[in-house]
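Structural characterization, general
Below are the chains, spelled out letter by letter.
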Amino acid sequence: MPEPEKKKAELKITGMHCATCAVNIEESLTKIKDVEKAQVNFGTDSAHVEFDPEKVTIHEIEKAVKDAGYDVVNQEATIKVGGMMCATCVETIGAALKNLPGVVTATVNLGTEKAYVTYNPSLTTITDMKKAIEDAGYQYLGISGEMSEEAEKKAREADLHDKFVRFVVGFAVSIPLMAAMYVPLPVSMHELGYIMLVISTPVFVYVSAPIFRAAWIALSHRTLSMDVMYAMGTGVSFVSSVMGTFSVILTHEFMFYDTAIMLAAFLMLGRYLEGRAKGRTSDAIKKLAGLRVKSATVIREGAEKEISVEDVVIGDLVIVKPGAKVPVDGIVTEGESYVSEAMITGEPVPPLKAKGSRVVGGTLNTNSVLTIKAEKVGKDTVLAQIIRMVEDAQGSKPPVQRIADVAVTYFIPAVLLIAAASFVTWYFLLHATTLFALTALISVLVVACPCALGLATPTAVTVGIGRGAELGILIRNGEALEVAERVTTVVFDKTGTLTRGEPEVTDVVPSGISPETLLTLAAAVEKNSQHPLAVAVVKAAQDRGVTPETATGFDTFGGRGVMATVLGEQVLVGNRAFLIERSVTISDETGARITALEEEGKTAVLVAAGGTMAGIIAIADTLKPTTKDAMVKLQGMNIRVAMITGDNRRTAEAIAKQIGIGTVIADVLPQDKEAEVKALQAKGEVVAFVGDGINDAPALAQADVGIAIGSGTDVAIESGDIVLIRDDLLDAVAAIQLSKKVMGRIKGNIFWAFAYNVALIPVAAGVLYPSFGITFRPELAALAMAASSVTVVSLSLLLKGYIPEAKKAVS
């Protein structure tokens, strides 16, 4: 017996810090029973593993690495797939891809007609995936982004045209054939049967060919798809007609050639309408992709030269003329111009860009020439990151999709059983005519439709996330959508989120020294710090013409204060607890003044020199314009609002009172914000945390939904589950409203998909016939089936025009 072929995988590993890490990973890998050899190279951050693919999967190997405390870096590919018709197609393609030895995950989206694959390139290549997709009976249409927009559009239009021609030919022939059955003709029934056979056979073969081809491929792979059921339904109709024509078992009353062709034509019509509708679900991503610039004018060897944007490198000087799009992200080195960023941020007023200003690719230079130095090119630009994030999100599945996935698994076998049971019941038990029993069988096979179930979630997610991107709301995945809909508490970081994050000195209260001396001492220490309060003190000194002294021995005490030596004396700058900790006495009079300032919502920064109190510097931050409106709208949605801050409770409550926030979490050090979020979750709250994405990373990660508020084109794409491009708190409200709307649409779609099948399959089986005489003609069943899918997609497309209530207030 030949030895099974061994596979060799190369894993790219992150998190190794020393040679011991490599040994730990090797030990973890060699513990797997059928791993023959494992070598880990610390120098190249890689592991080479030899294993038996029949007994060990790449999942198990990666799990061993992760269990050892490290991570594995894989490649990702988004593959365009043609020929998908229903949820079963999704399962078939997913299974084909997952069977490849190097594929870690494979998610197939019927709405976007794409497969999102994470894979190990040392085991599986794109060519392998192409073969797997084609062997499963579907079309490999290339990697997303590889095919030009024009080529993709042509391919889609050619496919739609093919479906259109087939259903037109089908109707053009089936309608006269139907009329011929009721209009007196100067031929016998025998002759009419032969004429119909000759006319309908080529038409039936042409119209139904895609259905039978897909059914054959599915059966050859031992899977059941909707095409198998449709092939059975149309095939039984046509074969019965042929048998009736030649009086083989069946009589002339079974000649329904018109029905067979019309069934196939209605199926083609449904797929045509569905294809047109699905093509519109990705309009948002197409608009974003359309912002990409194909060429750039750069300065090379002292002269302007037009090159492909792919050839621009970091450091190139790029000339952007009026009316042209900025090709790459960079910084302005020369010129002044207004640059419209509406296509990225949604802001209608173009900001002025001058020397030192940042610009991003895809934005429009309006009125003057700019020279920019390229800082980010290709996949690293803000636009490329936004497109990638939206594409990934559109390919993700919210947990609610599992309901549909489970239903689809059992759907086709159940329908086949119902179809068979309806025939047996009517013919053998209720002694109905063969024609009636056969009609019930065909109607059940044709009316059943898991396609609507398969499209319910992905189309709504695709359109909803695309709509979010148009509104400046980037949603990372479907799970974020689902969780955001259930949020009960929104926690806002104060500085830079509720406020502008640009505090200013409002009061200088010296104690035994002049105001200038107090500012001199404080600024001398604070100029070594980047804290917003420190920046405010230094700015106040500059504005008043005070020159800070030189400080030495600077030290910082996280979240409490700073210390340095100035003019030979130790100077402390910080909060009350910090000075008391350093044995500085605070008099009752000074304490009262501190309290009064804090009650006004100001932060009191205390200064001590040589162990004694030197004075108070009061600092206040201004609220953002939309802060109060955002709080009112959230509370109107019955969502609890909380503010978290490092300020003392008195100051924090004064600010919260101005805003209208009832829950205040004060005196929290930056590293403790995560623990406060956990505490709320422990009480059963579903928590959204809104922060700037820079200092709040742990809290954003801990929250059920992390909402990172951006600052226009400087947005940190990787910073949250939901990223707001604009620095506008109403967008945080809009994100939750959009999530609720999309999830509502998904649930509605799933309900209608279930309701359609639950209502119409029994009708097709004939349950209403004994009481009401109602039956379902097969061609009408096919029309109803087509209508169900188109209805679900159309309902999802309505999201394209959705404007959240929070956005209406400012639109």
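Further up the page is the structure itself.
Because the structure is a prediction, the values reported are computed rather than measured.

Observations concerning the pattern of salt bridges
Scanning the entire structure with this criterion turns up 29 salt bridges. For Lys-131, the salt bridge is made with Asp-135, and the minimal N-O distance between the two is 2.9 Å. Here the residue Lys-131 and the residue Asp-135 both occupy positions in helix 4 (residues 126–135), the gap between them amounting to four residues, near one helical turn. The class of Asp-135 is partly exposed, set by a relative accessible area of 40%. Among the ionic pairs, Asp-507 bridges to Lys-602, the shortest N-O distance being 3.0 Å. Taken together, the residues span a long stretch of sequence, with Asp-507 in strand 20 (residues 504–510) and Lys-602 in the loop between helix 20 (588–599) and strand 24 (603–609) at a distance of 95 residues.

With respect to a nonpolar patch on the surface
A contiguous nonpolar patch, built from Val-183, Leu-185, Val-187, Ile-195 and Ile-199 and spanning about 380 Å² of accessible area, is present on the exposed surface. Positionally, Leu-185 belongs in the loop between helix 5 (149–180) and helix 6 (189–220).

Structural notes on the sheet that holds strand 14 (residues 352–353)
Ordered in space as 14-13-16, the three strands form an open sheet in which the pairing is antiparallel. In this open sheet, the two edge strands, each paired with only one partner strand, are strand 14 and strand 16 (364–365). Sheet topology note: the strand 13 (residues 337–340)/strand 14 ladder contains two bridges and is antiparallel. What sits directly across from Ser-337, in strand 14, is Lys-353.

Section: helix 21 (residues 627–636)
Three or more residues of helix 21 are buried, namely Thr-627, Ala-630, Met-631 and Leu-634. Viewed along the axis of helix 21, the buried residues span an arc of 100°, placing them on a single side of the element. Residues of helix 21 that are exposed and point over 90 degrees away from its buried face: Val-632 and Gly-636. Elements that come into contact with the buried residues of helix 21 comprise strand 19 (489–493), helix 16 (494–498), strand 26 (640–644), helix 22 (649–659) and helix 25 (730–765).

Section: the packing of aromatic side chains
Describing an aromatic ring pair means giving the distance of the ring centres and the angle of the ring planes. Counted according to the given criterion, the structure contains 16 aromatic pairs. Centre to centre, the rings of Phe-171 and Phe-266 are 5.1 Å apart; their planes meet at 75°, and the pair counts as edge-to-face. With Phe-171 in helix 5 and Phe-266 in helix 8 (residues 257–281), this pair connects stretches of sequence that are 95 residues apart. Here the aromatic rings of Phe-751 and Trp-752 are separated by 5.2 Å at their centres, their planes lie at 70°, and the arrangement is edge-to-face. Comparing Phe-751 with Trp-752, the two get one shared label, exposed. Linked through ring pairs, Phe-164, Phe-167, Phe-171, Phe-266 and Tyr-272 together constitute an aromatic cluster. One residue, Arg-166, lies across the ring of Tyr-206, its end atom 4.5 Å from the ring centre.

Details of unusual backbone geometry
You will see that Asn-638, though not glycine, has its phi angle at about 60°, which is positive. In this structure, Asp-667 takes a positive phi of about 55° despite not being glycine. Along the chain, the position of Asp-667 falls in the loop between strand 27 (663–665) and helix 23 (673–682).

Digging into the packing of helix 12 (residues 401–429) against helix 25
With their axes 10 Å apart at the nearest point, helix 12 and helix 25 run at an angle of 10° to one another. By the angle between their directions, the pair helix 12 and helix 25 is classed as roughly parallel. Contact with helix 12, carried on its side by Ile-403, Ala-407, Phe-411, Val-415, Ile-418, Ser-422 and Trp-426, involves Phe-754, Asn-757, Ile-761 and Ala-765 of helix 25 and no other residues of that element. Its residues assigned to classes, the contact of helix 12 with helix 25 comprises nine nonpolar, two polar and no charged.

A few points about helix 15 (residues 478–485)
When you tally the buried positions in helix 15, you get seven out of eight residues, the bulk of the element. Turning to helix 15, its buried residues number three or more, namely Gly-478, Ala-480, Leu-481, Glu-482, Val-483, Ala-484 and Glu-485. Lining the buried residues of helix 15 we find helix 11 (382–394), helix 14 (451–470), strand 18 (473–475), strand 29 (705–709), strand 30 (722–724) and helix 25. Looking at where helix 15 begins, the residue whose side-chain oxygen comes 3.3 Å from the main-chain nitrogen of Glu-479 is Asn-477.

Observations concerning the side chain of Glu-482
Assignment of secondary structure puts Glu-482 in helix 15. Salt bridges are absent for the buried Glu-482, whose nearest opposite-charge side chain, Arg-486, sits at 5.1 Å. A polar atom in the side chain of Glu-482 sits 2.9 Å from the backbone nitrogen of Val-400.

Quick notes on the pairing of strand 5 (residues 75–82)
Of all eight residues making up strand 5, six are buried, and the element is well covered by its neighbours. Here strand 5 pairs with strand 7 (residues 114–119) via six bridges, running antiparallel. When the bridges of strand 7 are listed, Ala-77 appears paired with Val-117. Where strand 5 meets strand 8 (residues 139–143), three bridges bridge the pair, whose relative direction is antiparallel. Bridge pairing links Gly-82 to Gln-139 in strand 8.

With respect to the side chain of Ser-241
With respect to the element layout, Ser-241 can be found in helix 7 (residues 226–245). Note on Ser-241: relative accessible area 0%, which makes it buried. Within the structure, the side chain of Ser-241 is placed 3.3 Å from the backbone nitrogen of Tyr-257, a separation counted as a polar contact. Ignoring any residue separated from it by four or fewer positions in sequence, one finds Ser-241 in contact with Phe-254, Met-255, Phe-256 and Tyr-257.

Regarding the packing of helix 15 against helix 25
Close contact between helix 15 and helix 25 brings their axes to 8 Å; oriented N to C, the two are set at 105°. Taken as axis vectors, helix 15 and helix 25 run roughly perpendicular relative to one another. Residue-level inspection shows Leu-481, Glu-482, Ala-484 and Glu-485 of helix 15 in contact with helix 25, the latter providing Ile-736, Ser-739, Lys-740, Val-742, Met-743 and Lys-747. Of the residues that constitute the contact of helix 15 with helix 25, the class distribution is five nonpolar, one polar and four charged.

As for the environment of Asn-120
In this fold, Asn-120 is placed in the loop between strand 7 and helix 4. It is 5.5 Å that separates the C-alpha atoms of Asn-120 and Asn-74, two residues lying 46 residues apart in sequence. Each residue touching Asn-120, except ones within four places of it in the same chain, is listed here: Glu-10, Leu-11, Ile-58, Asn-74 and Gly-102.

Details of the pairing of strand 7
The buried fraction of strand 7 is high, at six of six residues. What you see with strand 7 is no split at all: Lys-114, Tyr-116 and Thr-118 on one side and Ala-115, Val-117 and Tyr-119 on the other are buried throughout. With six bridges joining them, strand 6 (residues 103–109) and strand 7 adopt antiparallel strand pairing. What sits directly across from Thr-105, in strand 7, is Thr-118.

Digging into the environment of Glu-341
Among the secondary structure elements, Glu-341 is positioned in the loop between strand 13 and helix 10 (342–345). Taking the relative accessible area as the measure of exposure, Glu-341 reaches 9% and is therefore buried. Along the primary structure Glu-341 and Glu-306 are separated by 35 residues, whereas in three dimensions their C-alpha atoms are 24 Å apart.

Regarding the sheet that holds strand 22 (residues 561–566)
Taken in spatial order, the six strands make up an open sheet running 20-25-24-23-22-21, and their pairing is antiparallel. Bordering the open sheet on either side are strand 20 and strand 21 (551–557), each of which pairs with just one other strand. For this sheet, the mean angle separating the axes of adjacent strands, direction not counted, is 20°. Summarising the sheet, strand 23 (residues 569–574) and strand 24 pair through four bridges and their orientation is antiparallel. In the sheet register, Gly-574 faces strand 24, and the bridge partner there is Leu-606. Taken strand by strand, helix 17 (residues 515–526) contacts strand 20, strand 21, strand 22, strand 23, strand 24 and strand 25 (612–620), and its axis lies near 105° from that of strand 22.

Reading the values: the criteria
Residues numbered from 1 in each chain as written. Predicted model: local features only at pLDDT ≥ 70, side-chain atom pairs only at ≥ 80, totals over all residues. Heavy atoms only, no water. Salt bridge = Lys/Arg side-chain N within 4 Å of Asp/Glu carboxyl O. Helix = DSSP H or I, 4+ residues; strand = E, 2+ residues; numbered from the N terminus. Buried < 20%, exposed > 50% of the residue type's maximum accessible area, 1.4 Å probe, protein only. Patch = residues over 30% accessible without salt bridge, like charges linked within 9 Å, V, L, I, M, F, W, Y side chains within 5 Å. Areas by Shrake-Rupley, 256 points an atom, 1.4 Å probe, with all protein chains shown as cover. Pairing = 2+ DSSP bridges. Arc of directions from axis to C-beta. Contact = heavy atoms within 4.5 Å. Phe/Tyr/Trp six-rings, centres within 6.5 Å; stacked < 30°, edge-to-face > 60°. Lys NZ or Arg CZ within 6 Å of the ring centre and 35° of its normal. Axes fitted to C-alpha atoms, helices over the stretch in contact; angles between N-to-C directions. Parallel < 35°, antiparallel > 145°, perpendicular 65-115°, else oblique. Nonpolar A, V, L, I, M, F, W, Y, C, P; charged D, E, K, R; others polar. Polar contact = N/O pair within 3.5 Å; in protein donor to acceptor, adjacent residues only side chain to side chain. Lys, Arg positive; Asp, Glu negative; His and termini not counted.

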